[in-house]
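# Geometric and topological summary
Chain residues, written in single-letter form:
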Amino acid sequence: MAAVFLAAALPIGPAGRDPALLWQEAEAGIRAAASAGAELVVLPELFAVPYVAGEDPADWGQLAEAIDGPTASRMRDVAMQCGIAVLFGMALRGEVGLPFNAALLARPDGRIEPLAHKIHLPPGEPGARFGETDHFAAGAPEIDAVAIGPLRVAALICYDRRFPECWRAAAAAGADLVAVLVGGPAPGDPDGLYAAELQASARANAVYAVAAARYGTETVTGGPVRHDGETLAFGPDGALLARATPGERRPLLISIDPARLAGARTTNATAARLRLPNKPEVASCLN
């Protein structure tokens, strides 16, 4: 990677009764990122649908789609029109069983690639009858990185960011940038934990960490569901590069500098010195 690569992270607001509004927000943000010169834009987890993990899955199964369904097809079309790669979250229907909470990549040449299936499904909220395990199947414990122009990109989906092994696996796969797709509530987190996790993981693994998060509170399911993540980015040295203000609708632009990556990987020995894990059940996430 010889030149600076411009990436973008797009905050997306709460779902309402009219799904067209979310789509308008997403497409406007993608076009704005492309107009600014970005080559990749990252959207949040399950960006086009309400967060319904605490609800009865029998009432919301229609939110899952095939890889050639309307969400992926529409993302493919906007990626081709704008000449930009779009990494987005959706409920991806499999051949059998529950769907996956997935991250898909729409390339400007029209290809659609599943980049990640959420590996770790969080427990339900206290007192809730249902959780993500009732709506989704857990993805295989594997993390890969793919080339987007000169950059290698890996994706983590929300709760997966909490596990250091996932970051190690992404770095081992050659990732320069780890995109984190975020949605949903985290009422038990102390203030600052979310950003601290991303910052520490970026620095320890000498990678850029770029998080795209939902924001606001939804009431589509009948009660309030708050999105608690933030859209922000850290450099491979752990420096905060950009942070969206609450409710900000425009894309957050991040310059991925090969010199900064090289410098972090030269001066920060942590990323190269891990001797653990030795346990097979942990190592499987790194292989």
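Everything below is about the structure printed above this text.
Below is a short write-up of the structure. As the structure is a prediction and not an experimental result, all values here were calculated from the model.

Here helix H1 (residues 19–35) crosses helix H2 (residues 70–82) at 25°, and the two axes come no closer than 10 Å. It follows from the interaxial angle that H1 and H2 lie roughly parallel. As for the relative orientation of H1 and H2, their crossing is right-handed in sense. Across the interface between the two elements, Trp-23, Glu-27, Ile-30, Arg-31 and Ala-34 of H1 pack against Thr-71, Arg-74, Met-75, Val-78, Gln-81 and Cys-82 of H2. Grouping the constituent residues of the contact of H1 with H2 by class yields six nonpolar, two polar and three charged.

Time to look at the pattern of salt bridges. By the definition in use, this model includes 17 salt bridges. Here Glu-27 ties to Arg-74 by a salt bridge, and the two come within 2.7 Å at their closest N and O atoms. Note that Glu-27 is positioned in helix H1 and Arg-74 in helix H2, a separation of 47 residues in sequence. Under the relative-accessibility criterion, Glu-27 is labelled buried at 16%. Members of the salt-bridge network, linked through shared partners, are Arg-107, Asp-109, Arg-111 and Glu-113.

Turning next to helix H6 (residues 258–267). Those residues of H6 that fall on the buried side of the exposure criterion are Pro-258, Leu-261 and Ala-264. One face of H6 carries all of its buried residues, which in axial projection span an arc of 130°. Within H6, the exposed residues directed more than 90 degrees away from the buried face are Ala-259, Thr-266 and Thr-267. Contact partners of the buried residues in H6: strand S9 (208–213) and strand S14 (252–256). Put simply, Asp-257 is the residue that caps the front of H6, since its side-chain oxygen is 2.9 Å from the backbone nitrogen of Ala-259.

This part is about the pairing of strand S5 (residues 112–117). Regular strands show a simple pattern: their side chains alternate between the two faces of the sheet. The sheet contact formed by strand S4 (residues 100–106) and S5 spans five bridges and is antiparallel. Paired with Leu-104 across the two strands is Pro-114, which belongs to S5. In textbook terms, the turn of a hairpin is the stretch between consecutive antiparallel strands, and for S4 and S5 this stretch comprises five residues, one of which, Gly-110, has a positive phi near 100°.

Here the phi dihedral of Cys-158 falls at roughly 45°; this positive angle occurs in a residue that is not glycine. Mapping Cys-158 onto the fold places it in the loop between strand S7 (151–157) and helix H4 (164–172). One non-glycine residue, Ala-206, adopts positive backbone phi at about 55°. Note on placement: Ala-206 falls in the loop between helix H5 (193–205) and S9.

Here we come to H4. Along H4, the residues classified as buried are Cys-166, Trp-167, Arg-168, Ala-169 and Ala-170. Elements in contact with the buried residues of H4: S7, strand S8 (177–182), H5 and S9.

Procedures and definitions
- All residue numbers here refer to positions counted from 1 along the written sequence of the relevant chain.
- For a predicted model such as this one, the threshold for reporting local features is a pLDDT of at least 70, and the threshold for listing and counting side-chain atom pairs is 80 or more; totals across whole chains, interfaces and linings nevertheless cover every residue.
- Side-chain measures were taken over the full set of non-hydrogen atoms in the model, leaving aside hydrogen atoms and water.
- Helix axes use the C-alpha atoms of the stretch in contact, all axes being lines fitted to C-alpha atoms, and the angles between their N-to-C directions lie in the range 0 to 180 degrees.
- Runs of E in the DSSP output that reach at least two residues are strands. Runs of H or I that reach at least four are helices, and both are numbered from the N terminus.
- For this classification, under 35 degrees means roughly parallel, over 145 means roughly antiparallel, 65 to 115 means roughly perpendicular, and everything else is oblique.
- The sense of a crossing depends on the near helix, which, turned anticlockwise from the far helix by less than a right angle, makes the crossing left-handed and, turned clockwise, makes it right-handed.
- Any pair of residues with heavy atoms lying within 4.5 Å of one another is described as a contacting pair.
- Residue polarity is assigned by list, with Asp, Glu, Lys and Arg as charged and Ala, Val, Leu, Ile, Met, Phe, Trp, Tyr, Cys and Pro as nonpolar; anything else, Gly included, falls into the polar class.
- Salt bridges are counted wherever a side-chain nitrogen of Lys or Arg sits within 4 Å of a carboxyl oxygen of Asp or Glu.
- Exposure classes here rest on a 1.4 Å probe applied to the protein chains alone. A residue is buried below 20% of its type maximum, exposed above 50%, and partly exposed in between.
- The arc in question is formed by the directions pointing from the helix axis toward the C-beta atoms.
- Here a polar contact means two N or O atoms within 3.5 Å. Within protein one must be a hydrogen donor candidate and the other an acceptor candidate, and residues neighboring in sequence count only if both atoms are side-chain atoms.
- By the convention used here, strands pair only if DSSP detects at least 2 bridges between them.

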